[in-house]
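Residues per chain are reported as follows:
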Amino acid sequence: MLLTKQQKYLLAVLEKLGCAEQRQLAALLQKMFAFSSLDDAVRVTGACVRQMQMGGLLQISDNVSHCGERAVSQQIEAIDVMLELSAAQPESFYAVDKHILLRFSLGEPSFKQFVIVSGSDPPPEHEIRQDEKIIALLPDSIKPEAFSYTRPVIFAIRQESGTHRFFARK
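Only a predicted model underlies this, so the values are computations on that prediction, with no experimental measurement involved.

Student: Describe the overall build of the chain, listing the residues and the values that go with them.
Tutor: Along the backbone of the chain there are four helices and nine strands. Relative to its length of 170 residues, the chain is compact, with a C-alpha radius of gyration of 16 Å against a globular reference of 15 Å. Judged by the C-alpha coordinates and their principal axes, the chain covers about 50 × 35 × 30 Å. For the chain, the share of sequence-separated contacts (at least 6 apart) that also reach a separation of at least 24 residues comes to 42%.

Below you can see the structure in the form of structure tokens.
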């Protein structure tokens, strides 16, 4: 199957992330290929994903594309946080596991590295690199005091609008 540049990019993104919603793929595609509107990126993403699904390259369930892996709701939320913080233009990104959900970095002018961890099942602090800023997805049932990390942690709470509110404990 011959793939377009956009399809190759989407497959590379899904390889790094494991799964993503089509709206998330469209946001990344818009920035990468400089679409003038998100509507155009959504349209192109939909066409690319349908073709790749028909060719057997993708599986789709509940508007989530993935390459043979089950989509995890915390993974989808971690991608949302990355898109919010990077304005859909992360320098690099990749999924890790169910404890360390996602690592990503922002490019120039202020290079920063982030790690997004599960608030309900965080990894031991020694698994997080010293130069990474820690973001914990905080479910309603978990309180910030439950984190015993010695380093500062930024907590992300999903709001009803779908965006996140960020705060750090002192």
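Student: So what's going on with the packing of helix 1 (residues 5-17) against helix 2 (residues 22-33)? Residues and values would help.
Tutor: Packed helices, taken two at a time, are described by the angle between their axes plus the distance between the axes. Packing of helix 1 against helix 2 brings their axes to within 11 Å, and their N-to-C directions diverge by 125°. Taken as axis vectors, helix 1 and helix 2 run oblique relative to one another. Considering only the axes of helix 1 and helix 2, their crossing is right-handed. Together, Lys5, Gln6, Tyr9, Leu10, Val13 and Leu14 of helix 1 and Leu25, Leu28, Leu29, Met32 and Phe33 of helix 2 make up the contact between the two elements.

Student: Explain the packing of aromatic side chains residue by residue, including any values.
Tutor: Applying the stated criterion across every chain, the model contains three aromatic pairs. Between Tyr9 and Phe33 the ring centres are 5.7 Å apart and the planes differ by 85°, which places this aromatic pair in the edge-to-face class. Taken together, the residues span a long stretch of sequence, with Tyr9 in helix 1 and Phe33 in helix 2 at a distance of 24 residues. For Phe33, a relative accessible area of 28% translates into the label partly exposed. Ring plane angle 15° and centroid distance 5.0 Å describe the contact between Phe104 and Phe114, whose orientation is recorded as stacked. Residue Phe104 is located in strand 5 (residues 100-106), and its partner Phe114 is located in strand 6 (residues 112-118); the two are separated by 10 residues in the primary sequence. Geometry around Phe93 places Lys16 over its ring, the cationic atom sitting 5.0 Å from the centre.

Student: Residues and numbers for the pairing of strand 9 (residues 164-168), please.
Tutor: Judged from the five bridges that link them, strand 8 (residues 153-158) and strand 9 form a sheet pairing that is antiparallel. When the sheet's bridge partners are listed, Phe155 is paired in strand 9 with Phe167. Two successive antiparallel strands, strand 8 and strand 9, enclose a turn made up of five residues, where Gly162 displays a positive phi of approximately 95°.

Student: Got a sec to walk through the pattern of salt bridges? Specific residues and values, please.
Tutor: Tallied over the entire structure, the rule returns six salt bridges. Of the charged contacts in the structure, one is a salt bridge between Glu132 and Arg129, with a shortest N-O distance of 3.4 Å. Taken together, the salt bridges that share partners define one network made up of Glu21, Arg23, Asp80 and Arg158.

Student: Let's hear about the sheet that holds strand 4 (residues 92-95): which residues, and what values?
Tutor: Ordered by their spatial adjacency, six strands build an open sheet running 4-5-6-7-8-9, and the pairing between neighbours is mixed. Both edges of this open sheet fall to strand 4 and strand 9, since each of them pairs with a single strand only. Averaged over all neighbouring strand pairs, the angle between strand axes comes to 20°, with direction disregarded. Pairing geometry for strand 6 and strand 7 (residues 132-137), over six bridges, is parallel. Paired with Ile116 across the bridge in strand 7 is Ile135. The strands touched by helix 1 are strand 4 and strand 5; relative to strand 4, the strand with the most contacts, the crossing angle is about 55°. Docked against the sheet, helix 4 (residues 73-86) engages strand 4, strand 5, strand 6, strand 7, strand 8 and strand 9, running at close to 15° with respect to strand 5.

Student: Outline unusual backbone geometry, listing residues and values.
Tutor: In this structure, Ala34 takes a positive phi of about 55° despite not being glycine. Considering the arrangement of structural elements, one finds Ala34 in the loop between helix 2 and helix 3 (38-54). The backbone of Ala88 sits at a positive phi, close to 60°, despite the residue not being glycine. Overall, Ala88 belongs to the buried group, its relative accessible area being 10%.

Basis of the calculations
- Residues numbered from 1 in each chain as written.
- Predicted model: local features only at pLDDT ≥ 70, side-chain atom pairs only at ≥ 80, totals over all residues.
- Heavy atoms only, no water.
- Helix = DSSP H or I, 4+ residues; strand = E, 2+ residues; numbered from the N terminus.
- Rg over C-alpha atoms; globule rule 2.2 N^0.38 Å.
- Contact = heavy atoms within 4.5 Å.
- Axes fitted to C-alpha atoms, helices over the stretch in contact; angles between N-to-C directions.
- Parallel < 35°, antiparallel > 145°, perpendicular 65-115°, else oblique.
- Left-handed = near helix turned anticlockwise from the far one by under 90°.
- Phe/Tyr/Trp six-rings, centres within 6.5 Å; stacked < 30°, edge-to-face > 60°.
- Buried < 20%, exposed > 50% of the residue type's maximum accessible area, 1.4 Å probe, protein only.
- Lys NZ or Arg CZ within 6 Å of the ring centre and 35° of its normal.
- Pairing = 2+ DSSP bridges.
- Salt bridge = Lys/Arg side-chain N within 4 Å of Asp/Glu carboxyl O.

Function cannot be read off these values alone, since they describe shape.
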